[in-house]
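Residue strings, one per chain:
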Amino acid sequence: MNVSKKFWKNKKVFVTGHTGFKGSWLTIILKLLGAKVYGYALNPISNPNFFDNVKLTKLLEKDYRQNIQDLKNLKNAIKKTKPSIVIHLAAQSSVFVSYSDPVDTVQSNVIGTMNLLEAIKSEKSIKAGIIVTTDKVYKNLEKKKKFKENEPLGGHDVYSGSKAASEIIFHSYQKSFFQNLNCNLSTVRSGNCIGGGDWTEDRIMKDCAEKLIQNKKLLIRSPNATRPWQHVIEPLIGYLILAEKMYKNKNYSSSWNFGPNLKNNLKVIDLVNFSKKILKSKSKIKLVKNNLYESTNLALNSDKSLKYLKWKTILTAKEAIKFSLDWYKFYSQIKSKEKMIEFSKKQIQKYLYLLKRKV
Ligand SMILES: NC(=O)c1ccc[n+]([C@@H]2O[C@H](COP(=O)([O-])OP(=O)(O)OC[C@H]3O[C@@H](n4cnc5c(N)ncnc54)[C@H](O)[C@@H]3O)[C@@H](O)[C@H]2O)c1
């Protein structure tokens, strides 16, 4: 299934975390579809960053720079906006930061999600909402399992635990308050997303792009960790397909995996070597010891999305890596960074074209 321009045209969409990596891409996709986007987030955490460097603020109807931990502000922003759809991305999104700042991680990810649910509950205009969690919400016993949506939740590190806790709070809110409201909500869990414009610390694609383009030494941890790599556009399109379905039909209100085709599972070292090859880089690769726990095997079973939403991954891991490196390479070559909006739009259009051909 593809996204419907007819559906999204002029829809008011309230996006939390719009200044982040996924939020920046989502803003551009929604604008391409003709939606009106209202953003609510803190300032971008990295410098450089996609949102400010590329001046995405001009695509927004309103750019709230506020904390989701502040219920009053969040409620006011939603009340003023009267959106029909909410997409919640705002979170402390790093496993590593969750070791150094567990308190903020829990406050942003658990209390922040609860605040958002409170705000949604109090605004009648909202017909559908997507709460973005992660593939790390599952209790992972490292048994090379492909997690289905109904598997037990867990979390070794505080990031994973906070996201699993936000899922539990979500399900309690749904049962307690949303059964009789005309507002359908789901949680969504994607794989490790890659794509241009991610400058978050400790993300391998960004490290590859930065170092390999400049032929600098690249340090990598966990070379043999296998991850379900997917281009960021893929799950975002899945979220939009789901939001459209939920807008019209309560039965879609649930939890959904949007992981890549399992053939897309690649070891970190394979991703690095492939990136090095396509950038024709002379960088040296150095392995560094990782003292923090990180899961080695993580794979999602997305049969439910495939069956009921007709959503599927269409880019191979190598195509997704190439899309990402093309973005960073173009970014490094141009002076006027605003040109990245057009470049990103072209990548989205190319993706939508491929999607149309493959469904
Ligand atoms: N990037 C991935 O590979 C990936 C994979 C699975 C799930 N996710 C989830 O997707 C969402 C977006 O991820 P991302 O990679 O774009 O993260 P990111 O770190 O790039 O962006 C996070 C966004 O949340 C905002 N934010 C953080 N704390 C906030 C707070 N207290 N109040 C208001 N805004 C706050 C930031 O300002 C930013 O806009 C997150 O919920 C993340 O957990 C990401």
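Residues numbered from 1 in each chain as written. Predicted model: local features only at pLDDT ≥ 70, side-chain atom pairs only at ≥ 80, totals over all residues. Heavy atoms only, no water.

Draft legend 1. The arrangement of helix α6 (residues 102–121) in detail. The first and last C-alpha atoms of α6 sit 28 Å apart over 20 residues, in line with the 28 Å expected at 1.5 Å per residue. Its axis deflected by about 30° at Gly-112, α6 carries its strongest bend there. The complete set of buried residues in α6 reads Thr-105, Ser-108, Asn-109, Val-110, Gly-112, Thr-113, Asn-115, Leu-116, Leu-117, Glu-118, Ala-119 and Ile-120. (Helix = DSSP H or I, 4+ residues; strand = E, 2+ residues; numbered from the N terminus. Expected span 1.5 Å × (residues − 1). Bend = angle between axes of the 7 residues up to and from the residue. Buried < 20%, exposed > 50% of the residue type's maximum accessible area, 1.4 Å probe, protein only.)

Draft legend 2. Up close: the environment of Gly-17. Take Gly-17: it is sitting in the loop between β1 (12–16) and α2 (21–32). Considered as a pair, Gly-17 and Gln-92 are 75 residues apart in the sequence and their alpha carbons are 9.7 Å apart. Setting aside residues no more than four positions away along its own chain, Gly-17 makes contact with Gly-23, Tyr-40, Ala-41, Leu-89 and Ala-90. (Contact = heavy atoms within 4.5 Å.)

Draft legend 3. Examining the sheet that holds strand β7 (residues 184–190) more closely. What the seven strands build is an open sheet, ordered β3-β2-β1-β4-β5-β7-β11; its pairing is parallel. What marks the edges here is a single partner per strand, and that holds for β3 (62–64) and β11 (255–258). The mean inter-strand angle of the sheet, taken between neighbouring strand axes irrespective of direction, is 20°. Summarising the sheet, strand β5 (residues 128–132) and β7 pair through five bridges and their orientation is parallel. Directly across from Ile-130, in β7, lies its bridge partner Ser-186. (Pairing = 2+ DSSP bridges. Axes fitted to C-alpha atoms, helices over the stretch in contact; angles between N-to-C directions.)

Draft legend 4. Spotlight on helix α10 (residues 268–278). Considered for burial, the residues of α10 that qualify are Val-268, Leu-271, Val-272, Phe-274 and Ser-275. Take α10 and look down its axis: the buried residues cluster within an arc of 165°, on one side only. Residue Lys-280 follows α10 closely and has a positive phi angle near 50°. (Arc of directions from axis to C-beta.)

Draft legend 5. A look at the state of the cysteines. Scanning the model with the defined rule gives zero disulfides in all. Not engaged in a disulfide, the cysteine Cys-193 finds its nearest cysteine sulfur in Cys-208; these two sulfurs lie 16 Å apart. The class of Cys-193 is buried, set by a relative accessible area of 14%. (Disulfide = S-S within 2.5 Å.)

Draft legend 6. Structural detail: the environment of Phe-343. Along the chain, the position of Phe-343 falls in helix α13 (residues 339–358). Considering only alpha carbons, one finds Phe-343 and Leu-242, 101 residues apart in sequence, at a separation of 26 Å. Apart from the residues within four sequence positions on either side, Phe-343 is in contact with Asp-326, Trp-327 and Phe-330.

Draft legend 7. Up close: the pairing of β1. Among the five residues of β1, four are classified as buried, and the element is accordingly described as predominantly covered. As paired elements, β1 and strand β2 (residues 36–40) share five bridges and run parallel to each other. The residue bridging Val-13 from the neighbouring strand is Val-37, located in β2. Read as a crossover between parallel neighbours, the route from β1 over α2 to β2 is right-handed. In this sheet, strand β4 (residues 85–88) lies alongside β1 in parallel orientation, the contact comprising four bridges. Residue Phe-14 lies in a different strand from β4, and its bridge partner there is Val-86. (Right-handed = clockwise from strand over helix to strand, strands pointing away.)

Draft legend 8. Here's a closer look at the packing of α2 against α13. At a closest axis distance of 10 Å, the pairing of α2 and α13 adopts a crossing angle of 70°. By the angle class used here, α2 and α13 are roughly perpendicular. For α2 against α13, the interelement crossing comes out right-handed. Of α13, the residues touching α2 (which contributes Trp-25, Ile-28, Ile-29 and Leu-32) are Ser-344, Lys-345, Gln-347, Ile-348 and Gln-349. Within the contact of α2 with α13, the residues separate by chemical class into five nonpolar, three polar and one charged. (Parallel < 35°, antiparallel > 145°, perpendicular 65-115°, else oblique. Left-handed = near helix turned anticlockwise from the far one by under 90°. Nonpolar A, V, L, I, M, F, W, Y, C, P; charged D, E, K, R; others polar.)

Draft legend 9. View of unusual backbone geometry. Residue Pro-48 follows Asn-47 across a cis peptide bond; omega there is 5°. Even without being a glycine, Asn-10 presents a positive backbone phi close to 65°. The topology assignment puts Asn-10 in the loop between α1 (5–8) and β1. With a phi angle near 55°, Asn-215 is a residue other than glycine that sits in the positive phi range.

Draft legend 10. Broad picture of the sheet that holds strand β10 (residues 226–231). A sheet is described by the order of its strands in space; here three strands give the open sequence β8-β10-β12, paired in mixed fashion. What marks the edges here is a single partner per strand, and that holds for β8 (192–194) and β12 (265–267). Sheet twist, expressed as the mean angle between neighbouring strand axes with direction ignored, is 50°. In the packing of helix α12 (residues 317–333) onto the sheet, contacts are made with β8, β10 and β12, and the angle to β10 comes to roughly 60°.

Bear in mind that shape data such as this cannot, by itself, settle questions of function.
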